[in-house]
Amino acid sequence: MANDNHKLMPVLIGIHLVALPLYPRMPVYVLLLVGALTLWTMLIISGRVSQPKQIIRLFVAAVIVSILIASYGSIFGQGPGTSMLLLLSFSKLFEMKSKRDAIVVVFMGYFLIASNFFHTQDPWVAVYVFTVVIYLTSLLIVFSDRLDSTDFKSRLRISGKMILQATPLMLILFILFPRVNGPLWALPDDAQTAKTGI
């Protein structure tokens, strides 16, 4: 994966695009850790520092859990769960050894972008999510193109075409499945809130 380090910068950008609407809801300490991990990842991508050893990665994982507990009081629930997934996406970039690892980070991005609907289902959020999904799908094309035969515009065009082809199925599922009132899964505050029923 060392020869493909230049392909990791678009992945890093993708993670930030995914989490951009979530940042205003995240605690300051989580945002500071996001900034530190971003800077560290950029140094790794540029080749100025090497990938951290396992003991360092374990320390980073411990710091992530500690900050989540200090910020949220728990690692369970909407807020801490979303923040943990975001921070784990950054830490995954530390141990990048193959294209498969990069693809895992992209798929984590799909889960993260869906978490935006926890807070709101406004039309502008749907448009933003749709746009970012096109970008994430173009990243999958990057790591599937072994000959590196497509440029950025071509990948976006192919990705957009794939998403448009999937749109009819999405609309069918949207119409057939009932919508919940309020945020997704009817969790306006946190998953810790006790409620009976489904």
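As the structure is a computational prediction, the values presented were derived from the model and not from experiment. (Residues numbered from 1 in each chain as written. Predicted model: local features only at pLDDT ≥ 70, side-chain atom pairs only at ≥ 80, totals over all residues. Heavy atoms only, no water.)

A few words now on helix α2 (residues 28-46). For an α-helix, the turn length of 3.6 residues means that residues three or four places apart are oriented alike. In this model, α2 (19 residues) spans 27 Å end to end at C-alpha, consistent with the 27 Å of a helix rising 1.5 Å per residue. Those residues of α2 lying buried are V30, L33, V34, L37, T38, T41, I44 and I45. Take α2 and look down its axis: the buried residues cluster within an arc of 140°, on one side only. Summarising the geometry of α2, the exposed residues directed more than 90 degrees from the buried face are V28, Y29, L32 and L39. Buried residues in α2 make contact with α1 (8-19), α3 (54-72) and α4 (78-94). Of the residues flanking the end of α2, it is G47, one or two places downstream, whose phi is positive at about 85°. (Helix = DSSP H or I, 4+ residues; strand = E, 2+ residues; numbered from the N terminus. Expected span 1.5 Å × (residues − 1). Buried < 20%, exposed > 50% of the residue type's maximum accessible area, 1.4 Å probe, protein only. Arc of directions from axis to C-beta. Contact = heavy atoms within 4.5 Å.)

As a further point, take the confidence of the model for the protein chain. Any segment with low pLDDT has predicted coordinates that should not be analysed in fine detail. In the predicted model, the protein chain carries a mean pLDDT of 81, and the fraction of residues at 70 or more is 86%. In the model, residues 183-188 has pLDDT below 50 throughout and makes 15 contacts with residues more than four positions away in sequence or in other chains. In this model residues 193-198 is a low-confidence stretch, pLDDT under 50, and it forms 1 contact with partners more than four residues away in sequence or in other chains. (pLDDT = per-residue confidence, 0-100.)

Judged by nonpolar contacts, the single largest core of 42 residues is most densely connected at L86, L87 and F90. If you list the elements that add at least two residues to this core, you get α1, α2, α3, α4, α5 (99-114) and α6 (123-144). Counting residues per element, this core draws most heavily on α6, which supplies 11 residues. Sequence-distant contacts of L86, that is, excluding residues within four places in its chain, are made with I15, A19, Y23, M26, V34 and L112. (Core = buried A, V, L, I, M, F, W, Y, C linked by side-chain atoms within 4.5 Å.)

Residues L169, I172, L173, F174, I175, L176 and F177 make up a contiguous nonpolar surface patch of about 790 Å² in total accessible area. Judged by its relative accessible area of 54%, F177 is exposed. (Patch = residues over 30% accessible without salt bridge, like charges linked within 9 Å, V, L, I, M, F, W, Y side chains within 5 Å. Areas by Shrake-Rupley, 256 points an atom, 1.4 Å probe, with all protein chains shown as cover. Salt bridge = Lys/Arg side-chain N within 4 Å of Asp/Glu carboxyl O.)

Helix length check: α3 (19 residues) gives 27 Å between terminal C-alpha atoms against 27 Å at 1.5 Å per residue, within 8%. Those residues of α3 lying buried are V60, I64, I67 and L68. Projected down its long axis, α3 carries its buried residues within an arc of 100°, all on one side. Within α3, the exposed residues directed more than 90 degrees away from the buried face are Q54, I55, L58, F59 and A70. The positive-phi residue at the C-terminal boundary of α3 is G73, with phi of around 85°.

A few words now on the environment of V34. Inspection of the secondary structure assignment puts V34 in helix α2. A sequence separation of 56 residues divides V34 from F90, and the C-alpha atoms of the two residues are 7.9 Å apart. Excluding residues that lie within four positions of it along the chain, V34 makes contacts with H16, Y23, L86, L87 and F90.

Here we take up the side chain of D101. By the element assignment, D101 lies in helix α5. The class for D101 is buried, based on a relative accessible area of 12%.

Further remarks concern the packing of aromatic side chains. Throughout the structure, instances matching the rule amount to 1 aromatic pair. Ring centres of F107 and Y110 lie 5.7 Å apart, and the angle between their planes is 50°; on these two criteria the pair is classed as tilted. Placement of the pair is F107 and Y110 together in helix α5, with a separation of 3 residues, close to one helical turn. A relative accessible area of 42% means that F107 is categorised as partly exposed. (Phe/Tyr/Trp six-rings, centres within 6.5 Å; stacked < 30°, edge-to-face > 60°.)

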